[in-house]
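Spelled out from the first residue to the last, the chains are:
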Amino acid sequence: MASPAPPSADPAAQKVFTIGTRQSKLALYQTDQVAAALKERFPDYTFNIHSRETAGDKNTNIAFREFTTKNLWTEELEELLNAGQVDLIVHSLKDVPTVLPSSCTLGPMMEREDTRDVLVIKQGLSYKSLAELPAGSIVGTSSIRRTAQLALKYPHLKVLDVRGNIGTRLAKLDAEESPYTGIILAAAGLLRLDLGDRICQYLDSKNGGMLYAVGQGALGVEIRKDDKLMQHMLSSIGHDQTTFSCLAERSLLRTLEGGCSAPLGVESEWVQGTDGSTKLRMRSIVVSVDGSESAEVEVDGVVDSPKSAEEFGITVANALVVKGAGKILEDIQRNKKAQ
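Presented here is an overview of the structure given in this document. For clarity, every value in this text was computed on a predicted model and none was experimentally measured. (Residues numbered from 1 in each chain as written. Predicted model: local features only at pLDDT ≥ 70, side-chain atom pairs only at ≥ 80, totals over all residues. Heavy atoms only, no water.)

### Remarks on helix α9 (residues 306-322)
Part 1 of the reasoning: In this model α9 runs 25 Å from its N-terminal to its C-terminal C-alpha over 17 residues, within 8% of the 24 Å that 1.5 Å per residue would give.
Part 2 of the reasoning: Among the residues making up α9, those that are buried are Ser308, Ala309, Phe312, Gly313, Val316, Ala317 and Leu320.
Part 3 of the reasoning: Two residues or fewer after α9 comes Gly324, characterised by a positive phi angle close to 110 degrees. (Helix = DSSP H or I, 4+ residues; strand = E, 2+ residues; numbered from the N terminus. Expected span 1.5 Å × (residues − 1). Buried < 20%, exposed > 50% of the residue type's maximum accessible area, 1.4 Å probe, protein only.)

So, in structure tokens, the structure goes:
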């Protein structure tokens, strides 16, 4: 297949592109995926990779909820993007704040990996699910979303922070002196690193009762807003259903103004309507950190463009507020300010 023609026919047009990313094994793997997809579509172009540490990589001892900034993984890379030192940045989409710098935007997204959270049990133990864990068992996570849902669904369990990349977390879990019975991770990272054999239980609304993070399983490719060539190139490898569902999820989170630390879980799926049309069904839950209060909705909508995705996210957010999500989030913010 011939390469799609770029918007510019200028023979001096750019042919070498630099992709920015974090230095973790998973980040580099994900960036390789994007580079390979672009190279397949544009074989005459060269795609180089530039990696660097970000604020979230440098401090793995502080729980996410203790940070005062939401752009832990993105700020240093965005500086390179705006300076023209890189042409695009590959992120795990769930790490990308819902409000980007005014000079940046997200391009179309490649097809999503498995969206679910999973339970990983310490090596040598025979438990297969959260429901099997004895009272007092310690589950590791630094996610306020996971902590809140565990408190709601499994109040007999204890939660202890665990930070670091996937390899570090697994090592902390399996260490002989480890206090953890299990940890909760995103399925996508384990599957991408060929660690699916560690998964003991997939968690979703029907199995384990846990909803995932906004954007989980998807790759967010950030570009300069005025870069028409890169927008065109990403469109050629994009997957509409992934792009639209992720934009709707991000619109939901942005509308609730919870940011990355909000105890908000989502679950999106494409379903056939009774009239034969394809609709986006979104389940969403907001839970107080101690699990004592929750608001949950399920909404279907026609989502067929970035604009309708944004509007659908707002619709779901408003439905959650009606169910009491606004009060829960206000209480969380009030408690943060009082600390």
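### A closer look at the layout of surface pockets
Part 1 of the reasoning: In this structure, the second largest pocket encloses a volume near 300 Å³.
Part 2 of the reasoning: Forming the boundary of the second largest pocket are 21 residues, of which Leu100, Thr105, Leu106, Leu247 and Glu310 lie nearest the centre.
Part 3 of the reasoning: Breaking the lining of the second largest pocket down by element, the ones donating at least two residues are β4 (104-106), α8 (240-256) and α9.
Part 4 of the reasoning: For the lining of the second largest pocket, the element with the highest residue contribution is α8, accounting for six residues.
Part 5 of the reasoning: Of the residues in the lining of the second largest pocket, the class split is 10 nonpolar, six polar and five charged.
Part 6 of the reasoning: Both domain 1 (14-109 + 217-237) and domain 3 (243-336) contribute no fewer than three residues apiece to the lining of the second largest pocket. (1 Å grid on protein atoms, 1.4 Å probe; cavity = no way out; pocket = protein on both sides within 12 Å on 5 of 7 lines; lining within 4 Å. Points joined across faces, edges and corners; volume = space filled by probe spheres on them. Nonpolar A, V, L, I, M, F, W, Y, C, P; charged D, E, K, R; others polar. Domains from an automatic or database assignment.)

### Quick word on the sheet that holds strand β2 (residues 46-51)
Part 1 of the reasoning: The strand order across the open sheet built from five strands is β2-β1-β3-β10-β4, with neighbouring strands paired in mixed fashion. Bordering the open sheet on either side are β2 and β4, each of which pairs with just one other strand. If you compare each strand with its neighbour and ignore which way they point, the axes differ by 30 degrees on average.
Part 2 of the reasoning: As defined by bridge partners, β4 adjoins strand β10 (residues 219-224) across three bridges and the pair is classed as antiparallel. Looking at the pairing, Cys104 lines up with Arg224 of β10.
Part 3 of the reasoning: Sheet strands in contact with helix α3 (residues 75-82) are β1 (16-21), β2, β3 (88-92), β4 and β10, and its direction is about 160 degrees off that of β3. (Pairing = 2+ DSSP bridges. Axes fitted to C-alpha atoms, helices over the stretch in contact; angles between N-to-C directions. Contact = heavy atoms within 4.5 Å.)

### Some details on the packing of α8 against α9
Part 1 of the reasoning: For the pair α8 and α9, interaxial distance at closest approach is 7 Å and the crossing angle is 45 degrees. If you check the angle between α8 and α9, you find them oblique. Helix-helix and strand crossings are classified by hand; for α8 and α9 the assignment is right-handed. Here α8 contributes Phe244, Leu247, Ala248, Ser251, Leu252, Arg254, Thr255 and Leu256 to the contact with α9, which in turn contributes Pro306, Ala309, Glu310, Phe312, Gly313, Ile314, Val316, Ala317, Leu320 and Val321.
Part 2 of the reasoning: Class assignment of the residues belonging to the contact of α8 with α9 gives a composition of 13 nonpolar, three polar and two charged. (Parallel < 35°, antiparallel > 145°, perpendicular 65-115°, else oblique. Left-handed = near helix turned anticlockwise from the far one by under 90°.)

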